[in-house]
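Here is what each chain is made of, one letter per residue.
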Amino acid sequence: MDKRYIVRRGIPGFYSYSILEREEGCPEANIYQIRAVFKLNGKRFRYIAISDEIQTIMPTGQERSLGQTLDYKEAVLLSRSSGTSPMVKVDDKYQYSTDYKDNQVHGWVSHDPPVGFWMIIPSNEFRSAGPVKQDLTSHTGPTTLGSFHSAHYSGLDVMMEFKEGEPWKMVYGPVFIYLNSVSQKEELSSLWSDAKNQMAREVASWPYEFVSSEDYPKADQRGSVKGRLLVQDRYNGNDTSLSGRSAWIGLAAPGEAGSWKTEAKGYQFWTKAGDDGSFTIKGVREGTYSLYAWVPGVLGDYKHVDDIPIKAGSTIQLGNLVFQPIRNGPTMWEIGIPDRTAAEFFIPSAATEFNNEALDHHGSRYRQYGLWKRYGDIYPDSDLVYTVGSSDYSKDWYFAHVSREVNKSFIRTMWQIKFNMDDVVPDLTYTLHIAVRVNIPPESGKPLLSSSMTGKDNAIARHGIHGLHWLFSIDVPSSLLSLGENTVYLTQSRVSSPFQGMMYDYIRLEAPSQSK
């Protein structure tokens, strides 16, 4: 590992990057985490800022030591006699994790002297698993992290695995450690606003021209890709293509559609499409990539048919790209939105003794401690039943399918989706799409799908709103359906821990294509 620092005249802070390399002949190895860690003065830095909404005074290490450890060591119920902020009742570093796409500036503020310490990550090209990979930011310590690779929220599917003798090299960074200050008369909140502005300037300056390393190409040594993504769904009610509005479009190592979600050994370059689906991916290192995309509100993953070679100074014009999403027949019913999170479903308030006011707003409620226990409070005797046509998924579909605690042990839970059929086409196959891992038995007999231990990402315990995204498409023979009421059973059968479960993204039942 080659660790480097850059100090520039007149710039309040410093840049840091690392070059990690495996030479030929190295033994086999696995890498679970790569990150930069900074530990600050706990007597001075007490105020954390992760986003515009998530900001608060944090407990000290001493205050944590006076608290009660909860279901795992990272989570501590703070003592009211400790003197910490009443807004924070539970301290748990995972409550402050975010997606990489939202994780480009975070840090701490000292009141005396009024100084800010900020981690600015101007590019995600060296971070594994794409823009919606979740990871840690800053937390009690006070600690600030630059997270580049980890199995958190994704499990071992994202782990780097190297075979014996396999060479590899990658540059992580530069990241910018930014320091700012204000006079005693100025508002400390201006430090956060200034840090965001500095982050925007760093992003606009990427790739940096001042980095002197043959392993870090400058702007004229990189290429770009332009195009427009259209979505053509033959069951959207018309024959025209719709724009891939707000699509996430990226270049990553060649692979299958969606393989970027677990790709960790190479660089990735992502951008968000405009309202008309147009996109430009700038600053791409030389190499051969596949172009991938996914569109919020559209099920499935897109991959361009041809791999794309990038050369220094080149601009690849792809023109209009047509994404034909996964679809076997017209929609009979659906639950949720295919946006790769469970945020649209019902998220309860935390138990009073665990509630953190800094996280008590809709966009962050899932970060509260102990929500896996709240399922049993809301459904103490029987499990969730969702009736298509009358239930509302924002109120009636719990965001995480977990077990229920009974007499200090955990029991499996079986959710039901009830729906009526006015007509069943004989001898044809219906399709049930479920975006996440799941076990689906009929009322008796062998399940139509058992997902086994897919995932293992621990996203529920770590207050995530999604884990690694999986899509299962299940053939449902018409012989299993009947006129009148039908039921889909979703069973969470693993009960060795309260954290075992799944978060659904989206569920859709499609009729056979011949019945259009």
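Above: the structure in question.
Residues numbered from 1 in each chain as written. Predicted model: local features only at pLDDT ≥ 70, side-chain atom pairs only at ≥ 80, totals over all residues. Heavy atoms only, no water.

1. A short note on the overall build of the protein
Rules: Counting from the N terminus, the helices are DSSP H or I runs at least four residues long and the strands are E runs at least two residues long. Our radius of gyration looks at C-alpha atoms and nothing else; its globule reference is 2.2 Å times the residue count to the power 0.38. For each residue, the accessible area found with a 1.4 Å probe, counting protein chains only, is set against the maximum for its type, and the residue is called buried under 20%, exposed over 50%, and partly exposed in between. Note on contacts: a residue pair qualifies if any of its non-hydrogen atoms lie within 4.5 Å across the two residues. Accessibility throughout is a Shrake-Rupley quantity obtained with a 1.4 Å probe, and a residue counts as covered only by protein chains that appear here. When charges are counted, neither His nor the chain ends are considered; positive counts come from Lys and Arg and negative counts from Asp and Glu. The atoms used to mark charge sites are NZ of Lys, CZ of Arg, CG of Asp and CD of Glu.
Across its full length, the protein holds four helices and 39 strands. Compactness check: the protein gives a C-alpha radius of gyration of 25 Å against a globular reference of 24 Å for 516 residues, within 12% of the reference. Overall, the C-alpha framework of the protein stretches about 75 × 60 × 50 Å when taken along its three principal axes. With 516 residues in all, the protein has 54% of them scored as buried. Sequence separation of 24 or more characterises 74% of the internal contacts of the protein that already satisfy a separation of 6 or more. Taken as a whole, the protein presents about 22,800 Å² of accessible surface, with 47% of it coming from carbon and sulfur. Charge-centre separation for the protein: the mean point of 54 positive side chains lies 5 Å from the mean point of 60 negative side chains.

2. Brief notes about the side chain of His466
Going by this rule: Here a polar contact means two N or O atoms within 3.5 Å. Within protein one must be a hydrogen donor candidate and the other an acceptor candidate, and residues neighboring in sequence count only if both atoms are side-chain atoms.
Looking at where His466 falls in the secondary structure, it is placed in the loop between strand 35 (449-450) and strand 36 (472-477). Separated by 3.1 Å, the side chains of His466 and Asp99 make a polar contact. In this structure the side chain of His466 is engaged in a polar contact, spanning 3.4 Å, whose partner is the backbone oxygen of Val132. For His466, the residues in contact, after removing those within four places along its chain, are Asp99, Val132, Gln134, Arg340, Thr341, Ala459 and Met503.

3. A closer look at the environment of Lys169
Within the element layout of this structure, Lys169 appears in strand 17 (residues 168-181). Sequence-wise, Lys169 and Ser482 are 313 residues apart; in three dimensions their C-alpha atoms are separated by 58 Å. What Lys169 contacts, discounting residues up to four positions off in sequence, is Ile19, Leu20, Glu21 and Asp215. Side-chain polar atoms of Lys169 contact the side chain of Asp215, separated by 3.3 Å.

4. Here's the deal with the environment of Ile326
Along the chain, the position of Ile326 falls in the loop between strand 26 (315-323) and strand 27 (331-336). Distance in space between the C-alpha atoms of Ile326 and His433 is 9.3 Å, their sequence separation being 107 residues. In this structure Ile326 touches Leu299, Gly300, His433, Leu471, Ser473, Arg508 and Glu510, once residues within four positions along its chain are discounted.

5. Some details on the sheet that holds strand 15 (residues 143-150)
Stated precisely, the cut-off is as follows: In short, DSSP must find at least two bridges between two strands for them to pair.
The three strands lie next to each other as 4-15-14, forming an open sheet whose pairing is antiparallel. Edge strands, defined here as strands with exactly one partner in the open sheet, are strand 4 (33-39) and strand 14 (138-139). When strand 4 meets strand 15, the two strands line up antiparallel, connected through seven bridges. Each residue of the ladder has a partner; that of Val37, found in strand 15, is Leu145.

6. Observations regarding the sheet that holds strand 11 (residues 105-110)
Strand pairing in a sheet relies on backbone hydrogen bonds, with the paired strands running either antiparallel or parallel. The test is simple: To get an axis, fit a line to the C-alpha atoms, keeping to the stretch in contact for a helix; angles then go from 0 to 180 degrees between the N-to-C directions.
In space, the seven strands of this open sheet follow the order 1-2-17-12-11-5-6, with antiparallel pairing throughout. Pairing within the sheet leaves two strands with one partner each, and these edge strands are strand 1 (2-6) and strand 6 (55-57). Strand-to-strand, the axes of this sheet are offset by a mean angle of 20 degrees, without reference to chain direction. The pairing of strand 1 with strand 2 (residues 13-22) spans five bridges and is antiparallel. Note that in strand 2 the partner of Asp2 across the bridge is Ile19.

7. Looking at the environment of Trp118
Structurally, Trp118 is set in strand 12 (residues 115-120). Separated by 58 residues in the primary sequence, Trp118 and Phe176 place their C-alpha atoms 8.1 Å from one another. Here the side chain of Trp118 touches Asn180 through a polar contact of 2.9 Å, side chain to side chain.

8. Thoughts on unusual backbone geometry
Negative phi characterises most residues that are not glycine, and trans characterises most peptide bonds. Note that the residue after Gly141, namely Pro142, is joined by a cis bond; omega there is -10 degrees. Structurally, Pro142 can be placed in the loop between strand 14 and strand 15. In this chain, Trp206 is followed by Pro207 through a cis amide linkage whose omega measures 0 degrees. Note on placement: Pro207 falls in the loop between helix 2 (189-205) and strand 18 (223-231). In this structure, Asp427 is a non-glycine residue whose phi angle is positive, near 65 degrees. Residue placement: Asp427 occurs in the loop between strand 32 (413-421) and strand 33 (429-434). Its identity is not glycine, yet His463 carries a phi of approximately 60 degrees, on the positive side. If you trace the backbone, His463 turns up in the loop between strand 35 and strand 36.

9. Let's talk about the packing of aromatic side chains
In this description, a pair of aromatic rings is defined by centroid distance and the angle of the planes. To keep it simple, the criterion reads: Each pair of aromatic rings taken from Phe, Tyr and Trp, with Trp reduced to its six-membered ring, is defined by centres within 6.5 Å and is described as stacked if the planes are under 30 degrees apart, edge-to-face if over 60, and tilted in the remaining cases.
Throughout the structure, instances matching the rule amount to 37 aromatic pairs. Measuring from centroid to centroid gives 5.0 Å for Phe354 and Tyr369, while their planes differ by 80 degrees, and the two rings are edge-to-face. Of this pair, Phe354 sits in the loop between strand 27 and helix 3 (371-378) while Tyr369 sits in the loop between strand 27 and helix 3, and the two are 15 residues apart along the sequence. With respect to class, Phe354 is no different from Tyr369; both count as buried.

10. Section: the nonpolar core
The nonpolar side chains of a soluble globular protein tend to be buried, and buried together. Defined as follows: Nine residue types can take part in a nonpolar core, namely buried Ala, Val, Leu, Ile, Met, Phe, Trp, Tyr and Cys, and a core is a set of them joined through side-chain atoms within 4.5 Å.
Counting 72 residues, the largest nonpolar core has Trp118, Phe126, Tyr172, Leu229, Ile249, Phe279 and Leu291 as its most contacted members. Of all hydrophobic cores here, the second largest spans 54 residues; its members include Leu136, Leu145, Ala350 and Ala400.

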